[in-house]
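Secondary and tertiary structure notes
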Amino acid sequence: MPLHVIKHPLVQHKLGLMREADISTKSFRELANELGSLLTYEATKDFELEPHTIDGWSGEAINVEKLKGKKVTVVPILRAGIGMLDGVLDLIPSAKVSVVGLYRNEETLKPVPYFQKLVKDIDQRTALVIDPMLATGGTMVATLDMLKQHGCKDVRVLVLVAAPEGVDKVLESYPDIHIYTAALDSHLNEHGYIVPGLGDAGDKIFGTR
Ligand SMILES: O=P(O)(O)OC[C@H]1O[C@H](OP(=O)(O)OP(=O)(O)O)[C@H](O)[C@@H]1O
Ligand SMILES: O=c1cc[nH]c(=O)[nH]1
Ligand SMILES: [Mg+2]
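Residues numbered from 1 in each chain as written. Chains lettered and ligands numbered in written order. Predicted model: local features only at pLDDT ≥ 70, side-chain atom pairs only at ≥ 80, totals over all residues. Heavy atoms only, no water.

**A few points about the site of ligand 2**
Rules: Throughout, the term near means that a residue has one or more heavy atoms lying within 4 Å of the molecule or strand in question. The definition of a polar contact used here is a pair of N or O atoms within 3.5 Å, where within protein one atom must be able to donate a hydrogen and the other to accept one, and adjacent residues in sequence count solely through side-chain atom pairs. Throughout, the Shrake-Rupley method with a 1.4 Å probe supplies accessible areas, and for residues the shown protein chains are the sole cover considered. When residue character is reported, Ala, Val, Leu, Ile, Met, Phe, Trp, Tyr, Cys and Pro are called nonpolar, Asp, Glu, Lys and Arg charged, and the others, Gly included, polar.
The full set of residues close to ligand 2 is Arg104, Met133, Ala135, Gly192, Tyr193, Ile194, Gly199, Asp200 and Ala201. Isoleucine 194 places a polar main-chain atom, nitrogen or oxygen, 2.8 Å from an oxygen atom of ligand 2. Within the backbone of glycine 199, a nitrogen or oxygen atom sits 2.8 Å from a nitrogen atom of ligand 2. Burial of ligand 2 by the protein amounts to 87% of the accessible area it has alone, namely 240 Å². Partitioned by chemical class, the residues of the shell around ligand 2 number 5 nonpolar, 2 polar and 2 charged.

**What about the pattern of salt bridges?**
Side-chain pairing between opposite charges can occur once the charged atoms of the two side chains come close. Note the cut-off: Salt bridge, as applied in this entry: a Lys or Arg side-chain nitrogen positioned within 4 Å of an Asp or Glu carboxyl oxygen. The buried label applies to any residue whose accessible area, calculated with a 1.4 Å probe on protein chains only, is under 20% of its type's maximum; exposed applies above 50%, and partly exposed to all values in between.
The full count for this structure, using the stated rule, is 10 salt bridges. Across the pair glutamate 42 and lysine 45 runs a salt bridge whose closest N-O atoms are separated by 3.0 Å. Looking at glutamate 42, the relative accessible area reads 15%, which means it is buried. Exposure remark for lysine 45: the relative accessible area of 61% places this residue in the exposed category. Taking the shortest distance from any N to any O, the salt bridge between arginine 156 and aspartate 154 comes out at 3.0 Å. Overall, the relative accessible area of 24% leaves aspartate 154 in the partly exposed class. Taken together, the shared-partner salt bridges connect Asp46, Asp154 and Arg156 into one network.

Encoded structure:
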């Protein structure tokens, strides 16, 4: 099943803290990054290992394992995706970053692309797309279209909160894409915001409320 709702107690605890109406910018930012790390841990569970020999502390050669040449690019969707980036890079420090910028038109709820700077060899990398919110799914589908056009084959989506409408839209266009989320919430309100959701994640991360 391509939808993974991560029920780990640490994930659920941290997400619960993020839902507080009067949460500070500092706490929201810290928690977004911590959840970014925990979702990365889940989304990389199938990465392959290969045996490797090193000199151990006692002077003897020992066999260990290392990641098998998996090349990763993290794809934060501006602005709010930046709020999870450090958390993802804490676990995959050598990953390259491909930034895309899209905002959602407040009236039409359609995504408007305004920035794109992808790594050159993106077609040979596993792409981890990060954005706290998957609402109507328009922004995510537009991003996935962009990545597919550039030849990406292995793409995984990491979001803090998803709405059923957004999950359906992504999986209609990309049935094989794996979505990792801390919560599958109830529905969208009349303004396209996720309920119960987190509010406007970008504003909360950047303090622009
Ligand atoms: O699934 P959708 O209905 O497309 O909505 C989700 C998008 O909306 C938010 O971004 P926003 O447009 O607020 O931009 P921002 O990150 O700059 O605040 C959010 O971070 C997603 O990118
Ligand atoms: O609930 C939502 C929906 C879109 N964007 C947000 O930041 N929050
Ligand atoms: Mg926003």
